Amino acid sequence: MKGIVYRGLEELVIENHGMAAWEALLDKHAPKNRVYISAQSYPDEELFAMANEVASILNKPLVDVLRVFGEYLFGYLIKKHSRILEQFDGFQSLILGIDSVIHAEVAKLYNEPNLPQISCEQIDDKHILLNYCSVRKLCFCAEGLIYGAGAHYGMKTQIDHQQCMHDGYEQCRMLLTYEGQ
Ligand code: HEM
Ligand code: ZN
């Protein structure tokens, strides 16, 4: 996973629990003197271990922690890549462009990123069917990112995770329902 994702987690943990909490996580789950640089890649295991630890400290299910993290991460990513967002006129066009615009841009900016495959089908003006596939199975993080995008555009968003890779399916299928501006 790219350093930018870890930097997002770092900011979230420090904002809510302080620097000591972040340093404790690093001490336990990353090699000594680890510094995350946005454009560099680090083993996924470090992220998973830290997410698991946060879940156990907060006594919350891992999926909830990943969702909250994803929601925060959306704000963090667009802060760092504000130009990417200029290409969209709202929530719907952003979601439809995750793969073909956003992650395509990421693939140009970052060296060998590990991106999920996301495909969308517009059902009507309130519904999109989104398919997610990745060996990292971070679909709950994807849910959070989608909620983060909804919040950014002031939309009421709902996600029905109809089928999930964690239940053995080849890809996750999520029905997004949204309403707003
Ligand atoms: C990685 C989904 C928007 C940049 C990921 C991952 C997910 C995801 C789930 C984790 C990797 C995996 O699952 O295999 C989404 C969704 C988005 C969204 C659902 C919108 C709702 C964005 C935006 C940016 C971005 C706005 C800004 C540039 C990245 C980067 C990575 C990533 C840099 C890390 C790649 C790596 O570690 O090599 N995305 N994303 N994404 N995404 Fe997105
Ligand atoms: Zn899933």
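Residues numbered from 1 in each chain as written. Chains lettered and ligands numbered in written order. Predicted model: local features only at pLDDT ≥ 70, side-chain atom pairs only at ≥ 80, totals over all residues.

Going by what an unreviewed UniProt entry lists, the protein chain is known as Heme NO-binding domain-containing protein and is assigned to Pseudoalteromonas holothuriae.

Caption draft 1: Region of the structure containing the site of ligand 1. Close contacts around ligand 1 come from 25 residues, with K2, P113, P116, S134 and L138 the closest. Of all elements in the fold, only helix 1 (3–17), helix 4 (62–80), helix 7 (98–109) and helix 8 (139–152) reach the threshold of two or more residues within the shell around ligand 1. The element that contributes the greatest number of residues to the shell around ligand 1 is helix 8, accounting for five residues. Taken together, the residues that form the shell around ligand 1 break down as 19 nonpolar, four polar and two charged. (Near = placed C-beta within 6 Å. Helix = DSSP H or I, 4+ residues; strand = E, 2+ residues; numbered from the N terminus. Nonpolar A, V, L, I, M, F, W, Y, C, P; charged D, E, K, R; others polar.)

Caption draft 2: A look at the domain arrangement of the protein chain. When the domains of the protein chain are assigned, the result is domain 1 (3–60) and domain 2 (87–179). The straight-line distance from the C-alpha centre of domain 1 to that of domain 2 is 24 Å. (Domains from an automatic or database assignment.)

Caption draft 3: Local environment of unusual backbone geometry. Of note, the phi angle at E112 is positive, near 45°, even though the residue is not glycine. Tracing the chain through its elements places E112 in the loop between helix 7 and strand 1 (117–124). Look at E112 and you get exposed, because 8 C-beta atoms sit within 10 Å. Even without being a glycine, K137 presents a positive backbone phi close to 50°. Counting through the fold element by element, K137 comes out in the loop between strand 2 (127–133) and helix 8. In this structure K137 comes out as partly exposed when scored by C-beta crowding, with 15 C-beta atoms within 10 Å. (Buried ≥ 20, exposed ≤ 12 C-beta atoms within 10 Å, placed from the backbone.)

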